[in-house]
Amino acid sequence: MSDDYVFEGPAEAPAPRDNNPPLSISELSFALKRTLEDRFGHVRLRGEISKVNRHASGHIYLTLKDDKSAIDGVVWKGSTRGLGVQPEAGLEVIVTGKITSYPARSSYQIVIESMEAAGAGALLAQLERLKVRLREEGLFEPGRKKPLPAFPATIGVITSPTGAVIRDVLHRIAERWPCRVIVWPVVVQGEAACGQVSNAIRGFDAPKSENGTPDGPIPRPDLLIVARGGGSVEDLWCFNDEGLARTVAAARIPIISAVGHETDTTLIDFVSDRRAPTPTGAAEMATPVLADLRYAVADMDRRMVQAGGRLIEDRRTRLRAVARGLPARPEDLLALAQQRLDHVSSRLGSGLQRNVALHERHLAVTGGKLSPALLRTRIERGQDRLRGVGDRLASALQAGVARGERRLLQVSARLSPAPLHRRLDQREARLLAATTRLDAVLPRRLERDADRLAALSRALATLDPGRPKPGFARVEDTDGGWITSAAALEAGQAVRLVFGDGARPATIDGGDPRPASPRAPAKPKPPVAGQGTLF
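Residues numbered from 1 in each chain as written. Predicted model: local features only at pLDDT ≥ 70, side-chain atom pairs only at ≥ 80, totals over all residues. Heavy atoms only, no water.

1. Quick word on the overall build of the protein chain
Stated formally: Each helix corresponds to a stretch of at least 4 residues labelled H or I by DSSP, and each strand to a stretch of at least 2 residues labelled E; elements are numbered beginning at the N terminus. We call a residue buried when its accessible area falls under 20% of the maximum for its residue type, exposed when it is over 50%, and partly exposed in between, using a 1.4 Å probe and counting protein chains only. Here, residues are in contact when the closest pair of their heavy atoms is within 4.5 Å. The Shrake-Rupley method, run with a 1.4 Å probe sphere, supplies the accessible areas, and residue values consider only the shown protein chains as cover.
When you go through the protein chain residue by residue, the secondary structure sums to eleven helices and 13 strands. With 535 residues in all, the protein chain has 23% of them scored as buried. Across the protein chain, every contact between residues at least 6 apart in sequence was considered, and the portion connecting residues at least 24 apart equals 61%. Taken as a whole, the protein chain presents about 39300 Å² of accessible surface, with 58% of it coming from carbon and sulfur.

2. Some words on the sheet that holds strand β11 (residues 474-476)
What counts, and what does not: For two strands to pair, DSSP has to find at least two bridges joining them. Every axis in this analysis is a line fitted to C-alpha atoms, fitted for helices over the stretch in contact. Angles between the N-to-C directions lie between 0 and 180 degrees.
The strand order across the open sheet built from three strands is β11-β12-β13, with neighbouring strands paired in antiparallel fashion. What marks the edges here is a single partner per strand, and that holds for β11 and β13 (502-507). Ignoring which end each strand starts from, the neighbouring axes of this sheet average 30° apart.

3. Notes on the sheet that holds strand β10 (residues 274-275)
Ordered in space as β7-β6-β8-β9-β10, the five strands form an open sheet in which the pairing is parallel. Pairing within the sheet leaves two strands with one partner each, and these edge strands are β7 (180-185) and β10. Two strands pair when backbone bridges link them, and strand β9 (residues 255-259) and β10 are joined in this way by two bridges, in the parallel orientation. The residue bridging I256 from the neighbouring strand is R274, located in β10.

4. Details of the layout of surface pockets
Any space left empty among the atoms is revealed by the rolling of a water-sized probe across them. Which entries qualify depends on this criterion: Buried and open spaces are told apart on a 1 Å grid over the protein atoms alone, a cavity being a set of points where a 1.4 Å probe fits but cannot get out and a pocket being an open set with protein on both sides within 12 Å along at least five of seven lines. Residues with an atom within 4 Å of a point are the lining residues. Grid points are joined across faces, edges and corners, and a volume is the space filled by probe spheres set on the points. Three categories are distinguished: nonpolar for Ala, Val, Leu, Ile, Met, Phe, Trp, Tyr, Cys and Pro, charged for Asp, Glu, Lys and Arg, and polar for the others, with Gly belonging to the last.
Quantified by volume, the second largest pocket comes out at close to 460 Å³. Lining of the second largest pocket is provided by 15 residues; of these, V297, A298, D301, R445 and R448 occupy positions nearest its centre. Of all the elements in the fold, those that place two or more residues in the lining of the second largest pocket are α8 (290-325) and α11 (418-462). Residues belonging to the lining of the second largest pocket are distributed by class as follows: six nonpolar, one polar and eight charged.

5. Thoughts on the side chain of S29
The residue S29 is located in helix α1 (residues 25-39) in this model. Setting aside residues no more than four positions away along its own chain, S29 makes contact with S101 and P103.

6. Structural notes on the environment of P277
Along the chain, P277 turns up in the loop between β10 and α7 (279-286). Counting along the chain gives 15 residues from P277 to E262, while the straight-line C-alpha distance between them is 4.2 Å. Among residues more than four places away in sequence, those in contact with P277 are G260, H261 and E262.

7. Here's the deal with the pairing of strand β6 (residues 154-159)
Counting buried positions over the six residues of β6 gives six, a clear majority of the element. Alternating residues of β6 divide into T154, G156 and I158 and I155, V157 and T159, and every residue in both groups is buried. Judged from the six bridges that link them, β6 and β7 form a sheet pairing that is parallel. Note on β7: the bridge partner recorded for I158 is W184.

8. Regarding the environment of F472
Looking at the secondary structure, you find F472 in the loop between α11 and β11. Taking relative accessible area as the criterion, F472 reaches 56% and is therefore assigned exposed. Placed 25 residues apart in sequence, F472 and L497 show a C-alpha to C-alpha distance of 9.7 Å. With near-sequence residues (within four places) excluded, F472 lies in contact with V498 and F499.

9. Details of the nonpolar core
For clarity, the cut-off: Working definition of a nonpolar core: buried Ala, Val, Leu, Ile, Met, Phe, Trp, Tyr and Cys residues. They are joined through side-chain atoms within 4.5 Å.
Counting residues in each nonpolar core, the largest one holds 31 residues, and the members touching the most others are I158, V197, I201, V226, F239, I268 and V271. Those elements giving two or more residues to this core turn out to be α2 (120-136), α4 (193-205), β8 (223-228), α5 (242-250), β9 and α6 (268-271). With five residues, α4 is the single largest residue contributor to this core. Beyond its immediate stretch of four places on either side in the chain, I201 contacts I158, L224, V226, L244, T247, V248, A251 and I255. Grouped together as the second largest cluster of nonpolar side chains are 17 residues, I49, L62, L83 and I99 included.

10. Side note on a nonpolar patch on the surface
This is how the line gets drawn: The patch calculation keeps residues exceeding 30% relative accessible area without a salt bridge and links them within 9 Å when they carry like charges or within 5 Å when they are nonpolar (Val, Leu, Ile, Met, Phe, Trp, Tyr). Salt bridge, as applied in this entry: a Lys or Arg side-chain nitrogen positioned within 4 Å of an Asp or Glu carboxyl oxygen.
A cluster of nonpolar side chains, contributed by L23, L28 and L32, occupies part of the molecular surface with about 310 Å² of accessible area. Summarising the element assignment, L23 is placed in the segment before α1.

11. Some details on the side chain of T287
Threshold: Between N or O atoms, a polar contact is any pair within 3.5 Å; within protein, one atom must be a potential hydrogen donor and the other a potential acceptor, and residues adjacent in sequence are included only when both atoms are from side chains.
Looking at the secondary structure, you find T287 in the loop between α7 and α8. There is a polar contact of 2.7 Å between the side chain of T287 and the backbone oxygen of A283. Once you skip the residues sitting within four places of it in the chain, T287 turns out to touch I155, I173, R176 and W177.

12. Thoughts on the packing of aromatic side chains
For clarity, the threshold we go by: Classification of ring pairs rests on two measures: the distance between centres of Phe, Tyr or Trp rings, Trp counted by its six-membered ring, which must be within 6.5 Å, and the angle between planes, read as stacked under 30 degrees, edge-to-face over 60 and tilted in between. Distance and angle both matter: a charge sits over a ring if NZ of Lys or CZ of Arg is within 6 Å of the ring centre and within 35 degrees of the ring normal.
Taken as a whole, this structure holds three aromatic pairs when the rule is applied. Ring geometry for W184 against F204: centres 5.1 Å apart, planes inclined by 70°, an arrangement best described as edge-to-face. Of this pair, W184 sits in strand β7 while F204 is found in helix α4, placing the two residues 20 residues apart along the sequence. Above the ring of F40, the side-chain terminus of R39 is found at 4.8 Å from the ring centroid.

13. Considering unusual backbone geometry
Of note in this structure, S106 is not a glycine but carries a positive phi near 55°. For S106, the location among the structural elements is in the loop between β4 (92-102) and β5 (107-117).

14. A word on the packing of helix α3 (residues 164-176) against α7
Keep this limit in mind: Orientation categories follow fixed angle ranges, with anything under 35 degrees roughly parallel, anything over 145 roughly antiparallel, 65 to 115 roughly perpendicular, and all other angles oblique. Crossings are assigned a handedness: left-handed for a near helix turned anticlockwise from the far helix by less than a right angle, right-handed for a clockwise turn.
In the contact formed by α3 and α7, the axes pass within 8 Å of each other and the chain directions differ by 25°. Between α3 and α7, the crossing angle belongs to the class labelled roughly parallel. Taken as a pair, α3 and α7 cross one another with a handedness that is right-handed. Only P279, T280, A283 and E284 of α7 make contact with α3, whose side of the interface consists of V165, D168, V169, R172, I173 and R176.

15. Re the pattern of salt bridges
Evaluation of the coordinates by the stated rule reveals 23 salt bridges. With a shortest N-O distance of 2.3 Å, R302 and D299 are connected by a salt bridge. Taken together, the residues span about one helical turn, with R302 and D299 both in helix α8 at a distance of three residues.

16. Some remarks on the pairing of β5
For strand β3 (residues 70-75) and β5, the ladder comprises three bridges, and the chain directions are parallel. From the neighbouring strand, G73 faces β5, where its bridge partner is I110. The pairing of β4 with β5 spans ten bridges and is antiparallel. Along β5, the bridge assignment pairs S101 with Y108. In this structure, the hairpin formed by β4 and β5 is closed by a connection of four residues, where S106 is found at a positive phi of approximately 55°.

Now the structure itself:
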């Protein structure tokens, strides 16, 4: 027997077969995941958003619910920008995506690819919640709104470059207040509209250095108009964007919102500095009427001239009244004073003599009381006091000089000619500005007065009876005197009729004027032989 057939003990029994092998948890989870994704690869769900969580990675986790059920949802970072509306708790939306599972928690969820509001009611509810939040932040407060400039030099218009809105705005501004208008073209509908309008506002509101001004091609406007024509709630929804509203509120340039018709209201109407019912109304709100300003200036000029004339006439009247109160001769004013002077001067000599005699007596009495010893004592006492005072005065002078030197050093350190130069420069600038305004006003005033004088001269020439107009005549008597009424004429009187191109003699007839005899009707011409009549 060979070694190939040698058995060592009994053979092992074969293992029993299992018709239901066990699966691991991971195998089951991924099998369910594939089944869900294959079966529900594209679904649309309608529900209310709750528990919105924006992760630091950029993903958004939320929950969709209705009155009976709920499902978790996720929006990956790359899909957040393409959403029609941004997720917000309490908003009813319609989402599109695929159903999948999360094996780590054995739950299913929807991966959202697109999201839109479930009708206009949901959009308006979202808008109301946003209004409440912005109002609580103080963006609607009247105190933060900026006043519009009275006379704008440059106006920026943010709107679509095509359509009737830009033509209406430009036409109305040119008609009322011709000024520089800069149009920033943007789209005013769709997802890109809010971003373009925000960029336009920030571009206009940027400091001058960033725009390459003051000598660059884009000066900073004094006023901005954001305009768009009317439309549905969905068409105007881009102007309800929170980012656009905050950009309008943060702008340093006054902004007029002119979106839609008078009944249309968007979020930027509340944060802008002024709301206009229509784009044309925004143009009228932003600009004054040049003709009205010219009329007002002319009226104030006329009133100023009249007031000046009345003031001069009042001063002239008061001067005449004062002059009437003065005497006829100026010498009468000095007559009484001269008389009193003569009377006093006549007593001056005797008074001086009496005064000298009185002082001589007082001197004699006082001299009798004086003695050399008394004088020496007083002199010595005065010298002692003088030396003491001199010593104190020297020390005081030295201390005062030292203090003065210290104060002089302190004051001299603070003194600078720069403030004086600044004041002189300011006065010189004001003088130059006043001279410029005067040079600009005087030629226009002289030109207006010359035009008025020429018009009056033409009117006087047309009314001059010395040169009668065509169709008129001047009646003179034989001596060349003008006759201005019928009562000054007599029957048979010789007169002279002067026309614009010459004169003719005439005689006044004393009879009543005879009515002109009616003309005889023209005889009809006989018809030509061989030709019939049509009547």
